[in-house]
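Structure assessment
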Amino acid sequence: MYSRQQLADGFRALGVSSGDIVMMHASVRAAGEIAGGPDQIHLALKDVLTDEGTLIMYAGCPQYA
């Protein structure tokens, strides 16, 4: 199980830093178990980006696809 801090550390290890612009599209199931639930993934990324960065996420609704 991954914590929000472990996720943030992983994003930093990938080279993500404060002020970056990141487009995120992820399979929550592929990420594995996350302490606190799947929302911790984007919250950890926002922790790394800080208020200076931009997080762009895909939103889809299968009903209208």
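This text follows the structure it describes.
1. So, the overall build of the chain
On a plain count of helices and strands, the chain comes out with three helices and two strands. In the chain, the succession of helices and strands from N to C terminus is α-β-α-α-β. Overall size of the chain, expressed as C-alpha extent along the three principal axes, is 35 × 25 × 15 Å. Residues counted as buried form 22% of the 65 residues belonging to the chain. Partitioning the contacts of the chain with sequence separation of at least 6, the portion at a separation of at least 24 is 77%. On the chain, roughly 4,800 Å² of surface is accessible, and the fraction owed to carbon and sulfur atoms is 53%. Charge separation in the chain, taken as the distance between the mean sites of 4 positive and 7 negative side-chain charges, equals 5 Å.

2. Concerning unusual backbone geometry
In this structure, Thr 50 is a non-glycine residue whose phi angle is positive, near 60°. Within the secondary structure, Thr 50 sits in the loop between α3 (39-49) and β2 (54-57).

Cut-off values and rules
- Residues numbered from 1 in each chain as written.
- Predicted model: local features only at pLDDT ≥ 70, side-chain atom pairs only at ≥ 80, totals over all residues.
- Heavy atoms only, no water.
- Helix = DSSP H or I, 4+ residues; strand = E, 2+ residues; numbered from the N terminus.
- Buried < 20%, exposed > 50% of the residue type's maximum accessible area, 1.4 Å probe, protein only.
- Contact = heavy atoms within 4.5 Å.
- Areas by Shrake-Rupley, 256 points an atom, 1.4 Å probe, with all protein chains shown as cover.
- Lys, Arg positive; Asp, Glu negative; His and termini not counted.
- Charge placed at Lys NZ, Arg CZ, Asp CG, Glu CD.

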